[in-house]
Amino acid sequence: MTKVRPTAVLDGLGSCLPPRVLTNEDVRRRGVLNTSDAWIRSRTGIARRRVAEDGISTGDLAVAAGRAAQKSAGARADLVLVATTTPDRRCPATAPEVAARLGLDAVPAFDLSAVCSGFLYGLTVAAALVRTGVCARPLVIGAETYSRIVDPLDRDSAVIFGDGAGAALLRPGDRGEPGALAATDWGADGGGADLIAIAVGGARRPDPGGRAGRQERYFRMRGREVYAQAVRRMTDSSRVVLAAAGWSPEAVGAFIGHQANQRILDAVAVRVGIPAHRCHGNLRDVGNTAAASLPLALADTAARRRVRPGTRTLLTAFGGGLTWASAALTWPAALPCDLPPEPLTASVPTPATPRRTFSWPLSTTTS
Ligand code: UT7
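These remarks concern the structure in this document. Every chain is numbered independently, its residues counted from 1 as its sequence is written. Only residues with pLDDT of at least 70 get local features here, since the model is predicted, and only at 80 or more are side-chain atom pairs given and counted; chain-wide, interface and lining totals rely on the full set of residues. Processing note: side-chain calculations cover all non-hydrogen atoms of the structure and skip hydrogens and water entirely.

### Observations regarding helix H3 (residues 58–73)
In this text, helices come from DSSP runs of H or I with a minimum length of four residues, and strands from runs of E with a minimum of two, each type numbered from the N-terminal end. A helix's residues, less one, multiplied by 1.5 Å, set its expected span. With 16 residues, H3 ought to run about 22 Å at 1.5 Å a step, and its terminal C-alpha atoms sit 23 Å apart, in line with that. Each residue's exposure class comes from its accessible area (1.4 Å probe, protein chains only) as a fraction of the maximum for that residue type: buried when under 20%, exposed when over 50%, partly exposed otherwise. Counting buried residues in H3 gives 13 out of 16 residues, a clear majority hidden from the surface. Identification of polar contacts relies on pairs of N or O atoms within 3.5 Å, with a donor-acceptor requirement for protein atoms, meaning one able to donate a hydrogen and the other able to accept it, and with residues adjacent in sequence counted only if both atoms are side-chain atoms. For H3, the N-terminal cap is Ser-57; the gap from its side-chain oxygen to the backbone nitrogen of Gly-59 is 3.2 Å. Gly-74 occupies a position one or two residues after H3 and carries a positive phi of about 65 degrees.

If you want it as C-alpha cells, here you go:
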C-alpha cells in the first residue's frame, strides 16, 4: 500500500530536440511566405526551430525525452502520460508504445489532448494521482511534431511552430522540498474551439481525402484573436494560481510561460508583475513546440543552472480548446542528465515512399 504524501515533486527532467535546425532565413528562402528574419524576430522573438526528419515521429522524441527524465531522477516511471496534438496514430494512443519502448512493463499509459496546455494539464492530473496514492512516479511527457500538420503556406503558423519533446518524472514528497508543487489552476472555453483547429479528420467531419480536403487537413490558428486570448487567459490563470499558493508576484523568482511569442510572454509578465530578469525560456531557439514547450524550457533552464533549486516558480500555458493552465512550484533540484544525448531512433523504418502530404518542402541547415 503506497503511503500518501502531501504533494508531488518534480524529480527528473529530460528533453529531446531533433537535430535539424530550420532558421528564419531558411523559411524566407523557401519563398512561399513573403516573410523575413527581421519580421519573425521582431514580431515573435523566434530565430530558429527544430524539425524532425522524415521517419522520426512524436513517439520517437517522447521516448528519448522520457528516458532522459528517468536518468535524471535515477528512477523508473510507474505511469506514462503523453501530452500531444500530433500523436503517432489516431488509434491507439502514443503513450503505451512509448512506455513499452522505455522498457516499463505493463504500466498504465495514456495520451492527453489539450494542445499547448497539454503538459500543465498532464502535470495537474499526474500530481493528483500521486497525492491520492494511485501511482508514485508518473512520467509526464509533452511531445510534438507540428512540422507534420502545419501548412507551409500559412503565415500565422509556419513561422512559429517547431518539433521537440520534454518530460518530467514526479514522485511523492513534502511541500518544503525543491520541486514541490504548491498549487495548480486549469480551465477551458470550448466556445473558442475554432480559433485553433484542424477542420477535418475527426468524427464530426471525416477527412474527404484527395486534393479537395488537402487544405483542411492542416492545422489552422487565427493568430490575432489567439494572441489576445493568450495574454488574457495566462494572466488570469497566473493570478489565480499565485493566490491559491499564497504567493505575491514579488515572491516569484522564476517565471516560464508557454513559449509561443515573446510579445505575449512580455505582456503576461508585466500584467502579473514579474520583472523581465526573472523570466526564462528558449523560444528564440526552438519556437512554439505546443505541449513540449514548457518541459523543454524547464529542462533548458535547469541545464544552464539559471535558477536556484527551491526558488518560487510560476509556469503558465495557453492553447487550443481553448485551454489554459498554470502551476506554482519551487524550482526542482533535478538536473537534466549530463550523459551524451540519446540516439534518436524511429520505431519503424523510414518508408522508401514519396514524401507525405504534410511534410514541409524544407531547405534546412543541420546544427
Ligand atoms: O500556441 C498556441 C497559442 N498561440 C499563440 O499564442 C500565437 C498567437 N499569435 C501570434 O503569435 C501572432 O498573432 C502571429 C505571430 C501569428 C502573427 O503576428 P501579429 O503581430 O499578430 O501579425 P498580424 O496578423 O497582426 O499582422 C501584422 C502585419 C500584417 O501586415 P500589414 O497588414 O500590417 O501590412 C501582416 O500581413 O504583419 C504581416 N504578417 C507577416 N509578415 C511577414 C503577418 N504574418 C507575417 C509573416 N511574415 N509571417
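### With respect to the nonpolar core
What makes a nonpolar core is a set of buried Ala, Val, Leu, Ile, Met, Phe, Trp, Tyr and Cys residues whose side-chain atoms join them at distances within 4.5 Å. Tyr-146, Phe-219 and Leu-314 are the most contacted members of the largest nonpolar core, which totals 43 residues. At the level of elements, strand E10 (219–221), helix H7 (223–245), helix H8 (262–272), strand E12 (312–319) and strand E13 (323–330) are the ones that each hand at least two residues to this core. What counts as a domain boundary in this text is fixed by an automatic or database domain assignment. Shared between two domains, this core holds at least three residues of each, these being domain 1 (7–177 + 337–357) and domain 2 (181–330). Residue contacts are defined here by distance: any two heavy atoms, one from each residue, within 4.5 Å place the two residues in contact. Excluding anything up to four places from it in sequence, Leu-314 contacts Ser-238, Val-241, Leu-242, Val-252, Ala-254, Phe-255, Ile-256, Val-272, Ile-274 and Ala-327. Residues Leu-13, Ala-126, Val-140 and Ala-317 belong to the second largest nonpolar core, which totals 33 residues.

### Overview of the site of the ligand
Every one of the 21 residues lining the ligand counts as a neighbour, but Thr-35, Arg-224, Asn-261, Arg-263 and Asn-288 are closest to it. Between His-258 and the ligand, the recorded distance is 3.0 Å, taken from a side-chain N or O atom to an oxygen atom. Between the ligand and the protein, one listed contact pairs an oxygen atom with a side-chain N or O atom of Arg-263 at 2.6 Å. Here the accessible surface of atoms and residues is derived via Shrake-Rupley with a 1.4 Å probe, and residues count as covered only by protein chains that are part of the display. When the free accessible area of the ligand is taken as 940 Å², the share hidden by the protein chains comes to 76%. Only helix H2 (37–44), helix H6 (155–158), H7 and H8 provide two or more residues apiece to the shell around the ligand. When residues of the shell around the ligand are assigned to their parent elements, the largest contribution, four residues, is made by H7. Composition of the shell around the ligand by domain shows at least three residues from each of domain 1 (7–177 + 337–357) and domain 2 (181–330). Near residues are defined by distance, with any heavy atom within 4 Å of the molecule or strand qualifying the residue.

### Concerning unusual backbone geometry
A negative phi angle characterises most non-glycine residues, just as the trans form characterises most peptide bonds. Looking along the chain, the bond that leaves Cys-91 and enters Pro-92 is cis, with omega of 0 degrees. With respect to the secondary-structure elements, Pro-92 resides in the loop between strand E4 (79–83) and helix H4 (95–101). Cis rather than trans, the peptide bond between Gly-321 and Leu-322 has omega equal to -10 degrees. Following the sequence through the fold, Leu-322 ends up in the loop between E12 and E13. In this structure, Asn-34 is a non-glycine residue whose phi angle is positive, near 50 degrees. Positive phi, close to 55 degrees, is recorded for Ala-290, a residue that is not glycine. Of the residues examined, Ala-290 reaches a relative accessible area of 0% and is grouped as buried.

### Some details on the sheet that holds E13
The sheet built from four strands is open, its strands ordered E8-E13-E12-E11 with mixed pairing. Each edge of the sheet is formed by a strand with only one pairing partner; in this case those strands are strand E8 (181–188) and strand E11 (254–257). Strand-to-strand twist of the sheet, defined as the mean angle between neighbouring strand axes without regard to direction, takes the value 10 degrees. Taken together, the four bridges between E11 and E12 define a ladder with parallel strand orientation. Among the inter-strand pairings, Gly-257 is bridged to a residue of E12, identified as Thr-316. Strand pairing requires that DSSP identify at least two bridges connecting the strands. Orientation is described by axes fitted as lines to C-alpha atoms, over the contacting stretch for helices, and by angles from 0 to 180 degrees between their N-to-C directions.

No statement about biological role is implied by the geometric values presented.
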